[in-house]
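Secondary and tertiary structure notes
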Amino acid sequence: MDDGSTSSNESSSSGETKKEDESGLGRGGGEPHKSAPGGKKSWAELREIVNELRRNLSSLSTMVPTSISFRKLADGRTRIFFLSTPANGWETTLLYADVPSEDDVHPSRQTLQWQPVIESNFQSISLGSRYSREEQLMLERKRLATFGITSVCTTCSTMIWVQLLDRKQQRIELVLLSIKNFVEPLPNVYQYIETSTRVCVPPAVLCTRVSDVWINVHDLLYLYPVTDSNKITYIWASEETGFRHLYLMTSLLASHSNGTLSSDVEEDPSVPGEITMPAIILSQVALTYGEWEVLGRQMWVDEERQLVYFMALRESPLEKHLYVVSLSRPGEVRLLTHPGYSYTVDFNRDCSMCVAVYSNIKILPECQVFRITHSDWTVEGVSLTPVGYLLEPSTPSLDLSLHCPELFTHCISSGDILFAMVFKPHNFEKDKKYPTVLNVYGGPEVQLVSNTFKGMRQLRMHMLAAQGYCVVAIDSRGSQHRGIQFESHLRGRMGTVELSDQVEVLQWLSDTLGYIDMSRVAIHGWSYGGYLSLMGLAQHPSIFKIAVAGAPVTSWSLYDTGYTERYMDLPQHNAIGYKLGSILNYVKLLPEEENRLLIIHGLIDENVHFHHTSSLINALVRHCKPYQLQVYPNERHSLRSLDASKHYETTLLSFLQNHL
């Protein structure tokens, strides 16, 4: 890279100080590394800075238990299983902790001891990744389907339920299927010919929902035991009001007998030749309502007390909380957790115990176990009684006042409220402006700004702030947890509307805070954020001096059809949107100056295929545009090896130091 394009005073503004040189951060084993001309750090010095920052920032990491499950033991204790990394360990593994029975007297602030499920007989080896190989494969396989069969679950020994989504993802059906319709083939038989006549029970559609925007698939369904052969009661969620809420529903199923279809059975008009049994919805009662969202993944039902526990964002779009509502008093929702924090919660099966992980922007995560106790049968009688900690409050060795970002709220010109967070540079001084990195995502299904602690998941943001950069993240219109209308701002026009929000809030932050140097702003993101980084440099070259685009989508016609068609419609229905949303059609607008664009991509990316980047490079070459490219041959969509991660971080610091 060219070292001579940035003056020495710019280098000092970016956090490269003499004190850091003398501290040994820029030294390897033996001889000191020579700094590059102009007072900048050499590659070797930046590499050592990355290593030192990783060591220092590791105290921001807490091994929060995940994948919680419960088991009741014969002696009255409850055993909690979870995934985490034990003390002095490297790899995520399966652990457990025992909760004493209710009869045992114990302090509420005791720490529950972690025990390994399997004793390790071999030395722990660092895999250079946060996840073990087995865990990575498990996460890969758990990626949610987009259209077709989105969810499957057995309801009892005779029925299973599925959610069916059409290709345009604007119609979803909740369907019951009889086990009688499935047959298990004989072992080692490749051509199975059935000789007996089976009774085929037509699928029963419990409920259908349609949207003129798109359907956000969720896992919120609870089916009550069937007491009437033709009636079924269940709790399901819908966004029909514009926000996801819970509904208590009862449907009447069409009758069938001995495989002979009744007069109620009809052919599904959307699928020629498909026979279904349409259900009649007898009742639908809104358990929750309002301009706030119920989260789509967790719901627990206490049938005996007729209570429903769920996670939602009623208090603030930035905080996830636990709530309870009674089936006997719909709409009367009670908050069970403390405002000012954000939670994730897991319940046991009978809703008598839960595990809560909570934090806020300034406090590290804690993990506490609670018993669910009741003084009466109402929501007001529900209490969370502390049992002990799986993860105690901790005090990091670092000064959190330097590492915790500030949250900001701004009403943009459209009247919408947007949220942002800003990491101050660690060498912050009043009346001084700092080079700034806009860390962007901007796409659907993601929320960057929240009242949760920003730890090692935000490692690169902390690194940049430690090196003297101001780091900004903004959730523009289209981001998650704000309702379907807010999200639908992107519909059919991805890549053309997000950046106006980002730039407007960035300019407001600059005017309000006074320390953002708007002449030295970089835009950097990964995946959708990499895509918007490219769009930012093309559409706003006077705002963004440089762009670092990681694993970028470059044309929606090249990306996963399920994801793309949900937000952009089918290509034949939105040809203009696909054209305007492709950076390949904006390459001629990219700057002519050198060292303003860096592209980073893993060669075996299984999500955004490398073909996106190769198509972009072809267009850059065709228009004779300058660019820099960093390829990681053995990396996928996320950089998984420690070596590649460190190399990328060193490359990022070098590119920013030399050209911002």
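Residues numbered from 1 in each chain as written. Predicted model: local features only at pLDDT ≥ 70, side-chain atom pairs only at ≥ 80, totals over all residues. Heavy atoms only, no water.

As annotated in an unreviewed UniProt entry, the protein is Dipeptidyl peptidase 9 from Diaphorina citri.

A few points about helix 12 (residues 611-622)
With twelve residues, helix 12 extends 16 Å from end C-alpha to end C-alpha; this agrees with the ideal 16 Å at 1.5 Å per step. Inspection of helix 12 places H612, T613, S615, L616, I617, A619 and L620 among the buried residues, and these make up the whole buried set. Among the structural elements, helix 9 (528-539), strand 31 (597-602) and strand 32 (628-632) are those in contact with the buried residues of helix 12. Directly beyond the C-terminal end of helix 12, a positive phi value near 55° is found at C624. (Helix = DSSP H or I, 4+ residues; strand = E, 2+ residues; numbered from the N terminus. Expected span 1.5 Å × (residues − 1). Buried < 20%, exposed > 50% of the residue type's maximum accessible area, 1.4 Å probe, protein only. Contact = heavy atoms within 4.5 Å.)

Regarding the environment of C351
Counting through the fold element by element, C351 comes out in the loop between strand 21 (342-347) and strand 22 (353-360). The exposure class assigned to C351 is buried, which follows from its relative accessible area of 2%. In this structure, the C-alpha to C-alpha distance between C351 and I372, residues 21 residues apart in sequence, is 7.0 Å. Contact partners of C351, with chain neighbours within four places excluded, come to W300, V301, D302, Y309 and I372.

Here we look at the sheet that holds strand 2 (residues 78-84)
Spatially, four strands are ordered 1-2-3-4 in an open sheet, and the strand pairing comes out antiparallel. This sheet does not close on itself; its edge strands, each paired only once, are strand 1 (66-72) and strand 4 (115-116). Relative to strand 2, strand 1 runs antiparallel, the two sharing five bridges. Counterpart to T66 in the pairing with strand 2 is L83. (Pairing = 2+ DSSP bridges.)

Section: the packing of helix 3 (residues 43-57) against helix 13 (residues 642-659)
Where helix 3 meets helix 13, the axes come as close as 9 Å, and the angle between the chain directions of the two elements is 120°. As far as their axial angle goes, helix 13 and helix 3 are oblique. Once helix 3 is placed against helix 13, the crossing between them reads as right-handed. The segment helix 3 lies against helix 13, with W43, L46, R47, I49, V50, N51 and R54 engaging L642, S645, K646, H647, E649, T650, T651, L653, S654 and Q657. Residues belonging to the contact of helix 3 with helix 13 are distributed by class as follows: six nonpolar, seven polar and four charged. (Axes fitted to C-alpha atoms, helices over the stretch in contact; angles between N-to-C directions. Parallel < 35°, antiparallel > 145°, perpendicular 65-115°, else oblique. Left-handed = near helix turned anticlockwise from the far one by under 90°. Nonpolar A, V, L, I, M, F, W, Y, C, P; charged D, E, K, R; others polar.)

With respect to a nonpolar patch on the surface
A cluster of nonpolar residues, L94, V117 and I118, forms a patch on the protein surface that exposes about 280 Å² of accessible area. Relative to the assigned elements, V117 resides in the loop between strand 4 and helix 4 (133-141). Relative accessible area serves as the criterion here: at 36%, V117 is assigned to the partly exposed category. (Patch = residues over 30% accessible without salt bridge, like charges linked within 9 Å, V, L, I, M, F, W, Y side chains within 5 Å. Areas by Shrake-Rupley, 256 points an atom, 1.4 Å probe, with all protein chains shown as cover. Salt bridge = Lys/Arg side-chain N within 4 Å of Asp/Glu carboxyl O.)

Considering the confidence of the model for the protein
Taken as a whole, the protein shows an average pLDDT of 85; of its residues, 81% reach a score of 70 or greater. The low-confidence segment residues 140-146, where pLDDT is below 50, has 13 contacts with residues more than four positions distant or belonging to other chains. Segment residues 256-273: pLDDT under 50, and 25 contacts once partners within four positions in sequence are set aside and those in other chains are kept. (pLDDT = per-residue confidence, 0-100.)

A word on helix 10 (residues 561-568)
Of all eight residues in helix 10, seven are buried, a share of seventy percent or more. Looking at the buried residues of helix 10, the elements they touch are helix 9 and helix 11 (575-580).

Brief notes about the environment of S582
Secondary-structure assignment places S582 in the loop between helix 11 and strand 31. Beyond its immediate sequence surroundings of up to four residues, S582 is in contact with M535, T554 and S555. In terms of polar contacts, S582 uses its side chain to reach the backbone carbonyl oxygen of T554, at 2.9 Å. (Polar contact = N/O pair within 3.5 Å; in protein donor to acceptor, adjacent residues only side chain to side chain.)

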